[in-house]
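Architecture at a glance
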Amino acid sequence: MSQQVHQQRLPEPAAGLRDWFREQGRAYRNGEDRPLAGYLMLSGGYATGTVAGGLLAKLLGRRLPDRLGPWEVAQLAIATHRLARTIAKDPVTSPFRAPFTSYAGTSGPGELAEEVRGHGLRHSTGELLACPMCLAQWVATALALGLVISPRITRLVLSTMTAVAGADFLQHLYVYLQQAAE
């Protein structure tokens, strides 16, 4: 007994829209392997997570602050920088990147260089996880939502990551001064 596989046809307007998106993707890629569908899925995940965080804050009765002070913004920026670099470059966090990247050596003191692997969503996720500048938006959004949902714990994380960034700077300064003295 053979089973026939029937392809479900999209209604004409939907098929036309799908074809238009595919054509835009082909034109954009310009012969390169760019995982646009993966980027779109990650962007959708970011938007969904942000909305879910906002809804959770509302459900918990948390109010958005009228504004953040200059010190909070500075601390948020420094902590975002440090946490994004920790996620993207630290050897200890490499097991989380391993399904999406492969080891390619070191890129600086205490940092790894990795090559993105795979196709589609796997490749897109690898690009995100291996790029501290790409991760910064995600980290900053999570920390900002944390300030609304659980401010005490988030302030502890902000303070810790800011201290780590300061310690990193002092380590680099120490090495620089040591080398200058030689």
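Everything below is about the structure shown above.
Residues numbered from 1 in each chain as written. Predicted model: local features only at pLDDT ≥ 70, side-chain atom pairs only at ≥ 80, totals over all residues. Heavy atoms only, no water.

Here helix 2 (residues 36-59) is 24 residues long and its end C-alpha atoms lie 34 Å apart, about the 34 Å a rise of 1.5 Å per residue gives. Residues of helix 2 that are buried: Gly38, Leu42, Gly53 and Ala57. Tucked inside the fold, the buried residues of helix 2 contact helix 5 (121-129) and helix 6 (132-149). (Helix = DSSP H or I, 4+ residues; strand = E, 2+ residues; numbered from the N terminus. Expected span 1.5 Å × (residues − 1). Buried < 20%, exposed > 50% of the residue type's maximum accessible area, 1.4 Å probe, protein only. Contact = heavy atoms within 4.5 Å.)

Turning to unusual backbone geometry, a few remarks are in order. The phi angle at asparagine 30 is positive, at roughly 55°, despite the residue not being glycine. Secondary-structure assignment places asparagine 30 in the loop between helix 1 (12-29) and helix 2.

Its boundaries defined by the atoms lining it, the largest pocket holds a volume of some 270 Å³. What lines the largest pocket is a set of 13 residues, among which Arg82, Pro109, Glu111, Asp168 and His172 lie closest to the centre. For the lining of the largest pocket, the elements supplying multiple residues, two or more each, are helix 3 (70-89) and helix 7 (151-181). In terms of residue count, helix 7 provides more of the lining of the largest pocket than any other element does, five residues in total. Split by residue class, the lining of the largest pocket holds three nonpolar, four polar and six charged. (1 Å grid on protein atoms, 1.4 Å probe; cavity = no way out; pocket = protein on both sides within 12 Å on 5 of 7 lines; lining within 4 Å. Points joined across faces, edges and corners; volume = space filled by probe spheres on them. Nonpolar A, V, L, I, M, F, W, Y, C, P; charged D, E, K, R; others polar.)

Take the packing of helix 2 against helix 6 next. Relative orientation of the contacting elements helix 2 and helix 6 amounts to 10°, with a least axis distance of 9 Å. On the basis of their axis angle, the class for helix 2 and helix 6 is roughly parallel. Mapping the contact onto sequence places Leu42, Tyr46, Gly49, Thr50, Gly53, Gly54, Leu56 and Ala57 in helix 2 and Gln137, Trp138, Thr141, Leu145, Val148 and Ile149 in helix 6. Of the residues assigned to the contact of helix 2 with helix 6, the class counts are eight nonpolar, six polar and no charged. (Axes fitted to C-alpha atoms, helices over the stretch in contact; angles between N-to-C directions. Parallel < 35°, antiparallel > 145°, perpendicular 65-115°, else oblique.)

We now examine the pattern of salt bridges. For the structure on display, the rule yields seven salt bridges. Across the pair glutamate 114 and arginine 97 runs a salt bridge, and its minimum N-O distance is 2.5 Å. In this pair, glutamate 114 sits in strand 2 (residues 111-116) while arginine 97 sits in helix 4 (residues 94-97), placing the two residues 17 residues apart along the sequence. Arginine 97 matches glutamate 114 in its accessibility class, with the two residues each being buried. (Salt bridge = Lys/Arg side-chain N within 4 Å of Asp/Glu carboxyl O.)

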